[in-house]
Amino acid sequence: IDRNYIVKNMLAGFGMVAVGPMGLTPPAHNTQLKPIPYNPKEGVRLLREAGWTYTGHDRRLTKGGKPFEFSVLVYQESQVEKKIARYIKLCLNDVGIKVHLQTLPYKELLSRYLGNNKFQAVITEVSSSGRVPERLQQLWCTTPTRKADVGCFEHPIVTRLLREILAEKNPVRQNELFHEFDAELT
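Structure report, in brief. Computed from a prediction, not measured in an experiment: that's the story for all the values here.

## Details of the overall build of the protein
Looking only at helices and strands, one finds seven helices and six strands in the protein. Its helices and strands in sequence order give the protein the pattern α-α-β-β-β-β-α-β-α-β-α-α-α, from N to C terminus. Summarising its shape, the C-alpha atoms of the protein cover approximately 60 × 40 × 35 Å along the three principal directions. Buried residues in the protein amount to 37% of all 186 residues. Long-range contacts, defined as pairs at least 24 residues apart, comprise 59% of the intrachain contacts of the protein with a sequence gap of at least 6. Split by element, the accessible area of the protein, about 11400 Å² in all, is 55% carbon and sulfur. Positive and negative charge centroids in the protein, built from 26 and 19 side chains respectively, lie 5 Å apart.

## Points about the pattern of salt bridges
Pairs may arise between side chains of opposite charge once their charged atoms sit close together. The final tally for this structure, using the stated rule, is nine salt bridges. Among the salt bridges present, the one from Glu 42 reaches Arg 45, with a minimum N-O distance of 2.8 Å. Placement of the pair is Glu 42 and Arg 45 together in helix α2 (residues 40-49), with a separation of three residues, close to one helical turn. Note on Arg 45: relative accessible area 41%, which makes it partly exposed. Each of Arg 160, Glu 164, Arg 173, Glu 176 and Glu 180 takes part in salt bridges that share partners, so that together they form one network.

## Topic: the pairing of strand β2 (residues 60-63)
Residues in a regular strand point their side chains to alternate faces of the sheet. Judged from the three bridges that link them, strand β1 (residues 53-55) and β2 form a sheet pairing that is antiparallel. By the bridge assignment, Thr 53 is partnered in β2 with Thr 62. Two successive antiparallel strands, β1 and β2, enclose a turn made up of four residues, where Arg 59 displays a positive phi of approximately 55°. One ladder, built from two bridges, connects β2 with strand β3 (residues 66-67); its direction is antiparallel.

## Quick look at the packing of aromatic side chains
For the coordinates displayed, the defined rule picks out six aromatic pairs. Plain terms: the ring middles of Tyr 75 and Tyr 106 are 5.0 Å apart, the flat faces sit at 65° to each other, and that makes the pair edge-to-face. Taken together, the residues span a long stretch of sequence, with Tyr 75 in strand β4 (residues 69-75) and Tyr 106 in helix α4 (residues 106-113) at a distance of 31 residues. Residues Trp 140 and Phe 153 carry aromatic rings whose centres are separated by 5.2 Å and whose planes lie at 85° to one another, so their mutual orientation is edge-to-face. Here Trp 140, found in helix α5 (residues 133-140), pairs with Phe 153, found in the loop between α5 and α6 (156-167); they are 13 residues apart in sequence, far enough to count as distant. Relative accessible area serves as the criterion here: at 13%, Trp 140 is assigned to the buried category.

## Focus: the side chain of Asn 30
Among the structural elements, Asn 30 can be located in the loop between α1 (3-10) and α2. In this structure the side chain of Asn 30 is engaged in a polar contact, spanning 2.9 Å, whose partner is the backbone nitrogen of Gln 32. Residues in contact with Asn 30, not counting those within four places in the same chain, are His 179, Asp 182 and Ala 183.

## Concerning helix α3 (residues 79-94)
Relative to the 22 Å expected for 16 residues at 1.5 Å per residue, α3 spans 23 Å between its end C-alpha atoms, a close match to the ideal helical length. Those residues of α3 that sit buried are Glu 81, Lys 82, Ile 84, Ala 85, Tyr 87, Ile 88, Cys 91 and Leu 92. In the core, the buried residues of α3 are packed alongside α1, β4 and β5 (98-104). Phi turns positive one or two residues past the end of α3, at Gly 96, with a value near 95°.

## Focus: the sheet that holds β5
One open sheet accounts for three strands, arranged β5-β4-β6; its pairing is parallel. A strand with exactly one partner marks an edge of an open sheet, and here the two such strands are β5 and β6 (121-122). Two elements, β4 and β5, share seven bridges in a ladder whose sense is parallel. Bridge assignment links Leu 73 to a residue of β5, and that residue is Gln 102.

Parameters and conventions
- Throughout this description, residue numbers start from 1 for each chain and increase along the sequence as written.
- In keeping with the predicted nature of the model, local features appear solely for residues at pLDDT of at least 70, side-chain atom pairs appear and are counted solely at 80 or more, and the whole-chain, interface and lining totals rest on all residues.
- To obtain the side-chain values, all non-hydrogen atoms of the structure were used and water was disregarded.
- Only DSSP runs of H or I with at least four residues qualify as helices, and only runs of E with at least two residues qualify as strands; both kinds are numbered from the N terminus onward.
- When accessible area is computed with a 1.4 Å probe and restricted to protein chains, residues below 20% of their type maximum are described as buried, those above 50% as exposed, and intermediate ones as partly exposed.
- Contact between two residues is taken to exist if any of their heavy atoms lie within 4.5 Å; hydrogens are not considered.
- Note on areas: these come from Shrake-Rupley sampling with a 1.4 Å probe, and a residue is covered only by the protein chains present in the view.
- Note that His is not counted, nor are the chain ends; the positive residues are Lys and Arg, and the negative ones are Asp and Glu.
- One atom stands in for each charge, and that atom is NZ of Lys, CZ of Arg, CG of Asp or CD of Glu.
- Each reported salt bridge corresponds to a side-chain nitrogen of Lys or Arg within 4 Å of a carboxyl oxygen of Asp or Glu.
- The criterion for strand pairing is that DSSP finds at least two bridges linking the strands in question.
- Only rings of Phe, Tyr and Trp enter the pairing, Trp through its six-membered ring, and a pair is recorded when the two centres are within 6.5 Å. The plane angle decides the type: under 30 degrees is stacked, over 60 is edge-to-face, the rest tilted.
- For the purposes of these results, a polar contact is taken to be a pair of N or O atoms within 3.5 Å, where, inside protein, one atom must be able to donate a hydrogen and its partner to accept one; residues adjacent in sequence count only when each atom of the pair is a side-chain atom.
- One less than the residue count of a helix, multiplied by 1.5 Å, gives the span that helix is expected to have.

Listed below in structure tokens is the structure:
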């Protein structure tokens with residue numbers, strides 16, 4: 001996905017391409033992270049390396065006889081998100097991936113996404129919540145009593161890092177942990 005194209009042409013330059021979930025603002029953002037370059041040929045090479053084959057007759061990637069396809073939830077009232085979703089669909093179609101767009105009213109989109117996993121992909125905006133570890137924990141950590149807001153996300157290293165961030169009192173060490181968290185999610 002050419003994210004620079006999205007910012008320049010679809011957002012009229014009002015935005016910046018983020019590398020990871022902590023945004024672009026230090027100190028929480030890991031400045032060592034570099035954006036994945038836009039390179040469809042390299043993407044196709046990596047997909048082939050992962051076992052996907054490109055069928056010339058229908059121009060699709062398949063693996064084990066199944067096509068590479070998935071659905072993306074999009075907020076139906078957002079013209080910008082729908083435009084971006086259509087662009088992403090075109091980009092992925094160019095490399096043989098079939099994307100089905102499903103536009104939903106806001107409340108239904110949230111009910112299928114927040115603390116839930118009734119979706120395959122979603123176009124949404126998740127604020128990094130800056131340096132508020134409690135909010136990051138709510139977004140990214142599933143616990144025995146509640147699911148993570150971000151699609152029931154579960155990852156033991158992310159959970160451990162957020163627990164350490166919450167317990168850490170030294171701001172320098174806390175920033176180091178935020179950088180690890182940013183890199184792990186990215």
